[in-house]
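Listed below are the residues making up each chain.
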Amino acid sequence: MNKHILERMQNILNNLENANLNDVNELLNYYNGHAVMINGTSYYPFNDPIIAARFNSRYHDLTGQDHPRFVEQAPIVIDSLMQDKELSLQAGAYTPAYFDELEQIKNNITHKNKGPEITENHHPIQDFYDVLNRLDNASATEVNQQLNYYNGDAVMINGTPYYPFNDPIIAARFNSRYHELTGQDHPRFVEQVPIVIDSLMQDKELSLQAGAYTPAYFDALEQIKGNIINDSFIEESGRKFI
């Protein structure tokens, strides 16, 4: 039985310059995330911003961009650490140099990510329909790239804004393929789907009256959200949607 990515984290970190994209991406997807149950034992993903920055640096080397979860979570973790800076220094838990490095990491993220993501190169979200149409044969990297942008902000590509998909049922299909390939559910799927479903449910009656959606559609949404709430994703049950 293959080891979970979190069990292999230290080995990957020790040989980071040779780490492949799939491994680095999966680890960053767990950054500052919830505990994961692996063979009956709870594993808590790493949350150190400096280690995350090292993984992100390798991810950037391989993709030319920063990892979305790193960009999203590192400032949150850094702000939390900064709140206790004086106490941590007095207790000797961290050095002044550590906090200087945290500030540099956050400043770099803030500087790089003002406004929408902008690129003049081909972007993964331009491949959305291609990947969806051959989902049974899509690779983990391809599926992961799509789910990383699920319900995200627009991306400016060659001066044109592209909007990532946000349909929960399509996201569940991508997540199902991701689970088949990795043995786990995608963190952004687990995080964003309940938000999108709650928003759709608020307008359920109006949508039904207008014929925009069918009752079966909302039944499917409730099933997806119910499975997330029941921790079926964390338990890595192998459940497949849609």
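Structure first, text after, so check above.
Quick caveat, the model's predicted, so the values are computed rather than measured.

Draft legend 1. Structural context of the overall build of the chain. Looking only at helices and strands, one finds 12 helices and five strands in the chain. Relative to its length of 242 residues, the chain is compact, with a C-alpha radius of gyration of 19 Å against a globular reference of 18 Å. Taken over the C-alpha atoms alone, the chain extends approximately 60 × 50 × 35 Å along its principal axes. Within the chain, buried positions represent 42% of all 242 residues. Excluding contacts between residues fewer than 6 apart, the proportion of contacts in the chain whose partners are at least 24 apart in sequence is 64%.

Draft legend 2. Here's a closer look at the packing of aromatic side chains. Under the definition given, this model contains 13 aromatic pairs. Measuring from centroid to centroid gives 5.2 Å for Y31 and F46, while their planes differ by 40°, and the two rings are tilted. Of this pair, Y31 sits in the loop between helix 2 (21-30) and strand 1 (36-38) while F46 sits in the loop between strand 2 (41-43) and helix 3 (49-63); the two residues are 15 residues apart in sequence, bridging distant segments of the chain. By relative accessible area, which is 9% here, F46 ends up buried. Pairing F165 with F174 gives two aromatic rings, centres 5.4 Å apart and planes at 45°, and the pair type is tilted.

Thresholds, definitions, all that
- Residues numbered from 1 in each chain as written.
- Predicted model: local features only at pLDDT ≥ 70, side-chain atom pairs only at ≥ 80, totals over all residues.
- Heavy atoms only, no water.
- Helix = DSSP H or I, 4+ residues; strand = E, 2+ residues; numbered from the N terminus.
- Rg over C-alpha atoms; globule rule 2.2 N^0.38 Å.
- Buried < 20%, exposed > 50% of the residue type's maximum accessible area, 1.4 Å probe, protein only.
- Contact = heavy atoms within 4.5 Å.
- Phe/Tyr/Trp six-rings, centres within 6.5 Å; stacked < 30°, edge-to-face > 60°.

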